[in-house]
Amino acid sequence: MANIPYKIYLSENEMPQFWMNLQAYLPKKLDPMLDPKTGRPVTEEGLRAVFTDEAVRQELNTTDKLIEIPQPILDFYRMYRPSPVVRAYNLEKMLDTPAELYYKFEGTNTSGSHKLNSAVPQVYYAREQGLTNVTTETGAGQWGTALAMATGYYGLGLKVFMVKSSAEQKPHRKAVMETYGGTVIPSPSDTTAVGRKILQEHPGTGGSLGCAISEAVEVALNQEGTRYLLGSVLNHVLLHQSVIGLEAKAALDKYNITPDVVIGCTGGGSNFGGLIAPYMADRLEGKNNIRFVAVEPASCPTLTRGRFAYDYGDTGRMTPLMKMYTLGSGFIPSSNHAGGLRYHGMNPIISQLRHDGLVDAVAYEQTRVFRAAKIFCKSEGNLPAPESNHALCAAMDEAIRCKETGEKKKILFCLTGTGFFDMPAYMLYNSGKMTDSIPTDEELEQGFATLPEINL
Ligand SMILES: *Cc1c(COP(=O)(O)O)cnc(C)c1O
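Residues numbered from 1 in each chain as written. Predicted model: local features only at pLDDT ≥ 70, side-chain atom pairs only at ≥ 80, totals over all residues. Heavy atoms only, no water.

> What should I look at first to understand the overall build of the protein in this one?
When helices and strands are tallied, the protein shows 18 helices and 15 strands. Relative to its length of 456 residues, the protein is compact, with a C-alpha radius of gyration of 20 Å against a globular reference of 23 Å. Within the span of the protein, comprising 456 residues, buried residues form 62% of the whole. Put simply, of all contacts in the protein between residues at least 6 apart along the chain, 77% involve residues at least 24 apart. For the protein, the computed accessible surface area is about 17,100 Å², with 49% contributed by carbon and sulfur atoms. (Helix = DSSP H or I, 4+ residues; strand = E, 2+ residues; numbered from the N terminus. Rg over C-alpha atoms; globule rule 2.2 N^0.38 Å. Buried < 20%, exposed > 50% of the residue type's maximum accessible area, 1.4 Å probe, protein only. Contact = heavy atoms within 4.5 Å. Areas by Shrake-Rupley, 256 points an atom, 1.4 Å probe, with all protein chains shown as cover.)

> Looking at this structure, I do not really get the sheet that holds strand 9 (residues 226-228). What am I missing?
Pairing between the strands of a sheet is mediated by backbone hydrogen bonds and can be parallel or antiparallel. Spatially, 8-7-6-9 is the arrangement adopted by the 4 strands of the open sheet, whose pairing is parallel. Each of the sheet's edge strands pairs with one partner strand only, and the pair in question is strand 8 (183-187) and strand 9. Taken over all neighbouring pairs, the strand axes of this sheet differ in orientation by 20 degrees on average, direction set aside. (Pairing = 2+ DSSP bridges. Axes fitted to C-alpha atoms, helices over the stretch in contact; angles between N-to-C directions.)

> Hey, could you run me through the nonpolar core in this one?
Nonpolar side chains tend to gather and get buried jointly when the protein is soluble and globular. Ranked by internal contacts, the top residues of the largest apolar core, which has 36 residues, are Ile276, Phe292 and Leu353. Sorting the residues of this core by element identifies helix 11 (235-253), helix 12 (270-284), strand 11 (291-297), helix 14 (348-355) and strand 15 (410-415) as the ones contributing at least two each. When sequence neighbours within four positions are dropped, the list of residues in contact with Phe292 reads Val262, Phe272, Ile276, Tyr279, Met280, Arg283, Leu358, Val359 and Asp360. (Core = buried A, V, L, I, M, F, W, Y, C linked by side-chain atoms within 4.5 Å.)

> Just checking my understanding: could you explain the site of the ligand for this structure?
Around the ligand, the surrounding shell holds 18 residues, and the nearest of these are Lys115, Ser232, Gly267, Ser270 and Thr416. Thr416 places a side-chain nitrogen or oxygen 2.7 Å from a nitrogen atom of the ligand. In isolation the ligand offers 380 Å² of accessible surface; the protein chains occlude 98% of this area. Classifying every residue of the shell around the ligand by side-chain character gives 3 nonpolar, 13 polar and 2 charged. (Near = heavy atom within 4 Å. Polar contact = N/O pair within 3.5 Å; in protein donor to acceptor, adjacent residues only side chain to side chain. Nonpolar A, V, L, I, M, F, W, Y, C, P; charged D, E, K, R; others polar.)

> When you look at the packing of aromatic side chains in this model, what are you seeing that I'm missing?
Each aromatic ring pair is characterised by the separation of its centres together with the angle its planes make. With the rule as written, the count across this model stands at 15 aromatic pairs. Between the aromatic rings of Tyr103 and Phe376, the centroid separation amounts to 5.3 Å while the plane-to-plane angle is 65 degrees, which identifies the pairing as edge-to-face. Residue Tyr103 is found in strand 5 (residues 100-105), and its partner Phe376 is found in helix 15 (residues 366-380); the two are separated by 273 residues along the sequence. Overall, Phe376 belongs to the buried group, its relative accessible area being 0%. Among the aromatic side chains, those forming a connected cluster through ring pairs are Phe76, Tyr77, Tyr80, Tyr124, Tyr125, Tyr153 and Tyr154. Looking at Arg307, its charged tip hangs above the ring of Phe448, at a distance of 4.0 Å from the centre. (Phe/Tyr/Trp six-rings, centres within 6.5 Å; stacked < 30°, edge-to-face > 60°. Lys NZ or Arg CZ within 6 Å of the ring centre and 35° of its normal.)

Right, here's the structure in full:
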């Protein structure tokens, strides 16, 4: 076999021209999204009040397997893509494993993560529709930053509701978003009705993604020319993120490499869904037997301890209901440092695949993933985002198991972002003060108690 370089790049001409719509490959259609007011399946029209027209079309598209990427979006992608696949030779040596470790690195753009892959098309479609403003929520800050970059480029106004605890931990994130022209409001805030209600019920709360979504949706519904954009969870976000998997597969195919295991961290499921898309499509057509592993924080164990049920996407119960793995929209995870993974629900496609046994899920405590991250930092010279640490920890565990069994497995994982904005988390870990918080069964029951009656 050809000698595999440390970094496998595609040329610009080899970049994917199409996104892959995993939804169209599923053997059975997903259960429909339900309107929160009527309990009946949502109509395109109903969704258009909140989301852009094209996002709605893509969200509900169950037939087109490939969707062409418009040229202006490709032109933006070319500024920071293709991203490299790195053969982690030095980590392999450090672990003394016969396994081959490959990671797709999405942290090379200024937003610091894969989120930009979906921010660009979402804002492009908003501008094409003639909208002037968009709103969103951000947890760890990567999505807000990515949207600020895209709205700055396309000339749209942006209001970001940032989970208060993150806003306090990460003042630099706020500064980056403001540099691109975005407005950042710590959530819950007194600028929306739902924010005021949450503040009254939970005074002093550090907020959650679910609260911030409610605030952003409220503004989109009440302000002319404004829509809400979401950076994860929804099917059209997974669609855009398929560039990750398509590039990774094209790069590895050059060296005839098919992974045995594909691993991603899961917050709402978008990088994982994007990474696995082409491999899962093949799997569903019986062409491979790859193991797919979703990795989540033990503090927010949606796929490993959640229920597969209809639920709202937000705490304020304003979004459509989706059939998904969920901890209940009323579940507020304890604040931890895997900011981007603290969401109560999971993308419906990933949820269905998990339910059908096609996706494995594991949950890791944060101290464990930071321990793995330090080994990764030292061997690969790359300092990852805390979210990414979950995937790399699972990949390293797999490689260590290979050492015991002598298997030469090929392991592919997504390193979703850089950790430069997350140094408070590393400082806490380095000081030995980081702790783990795993919800008890009773605490999970409190979340499940908030599941809507439609599940009964
Ligand atoms: C947002 C984010 C995640 C989790 O989101 P998914 O939609 O599950 O991909 C993971 N890593 C980083 C760096 C993020 O910014």
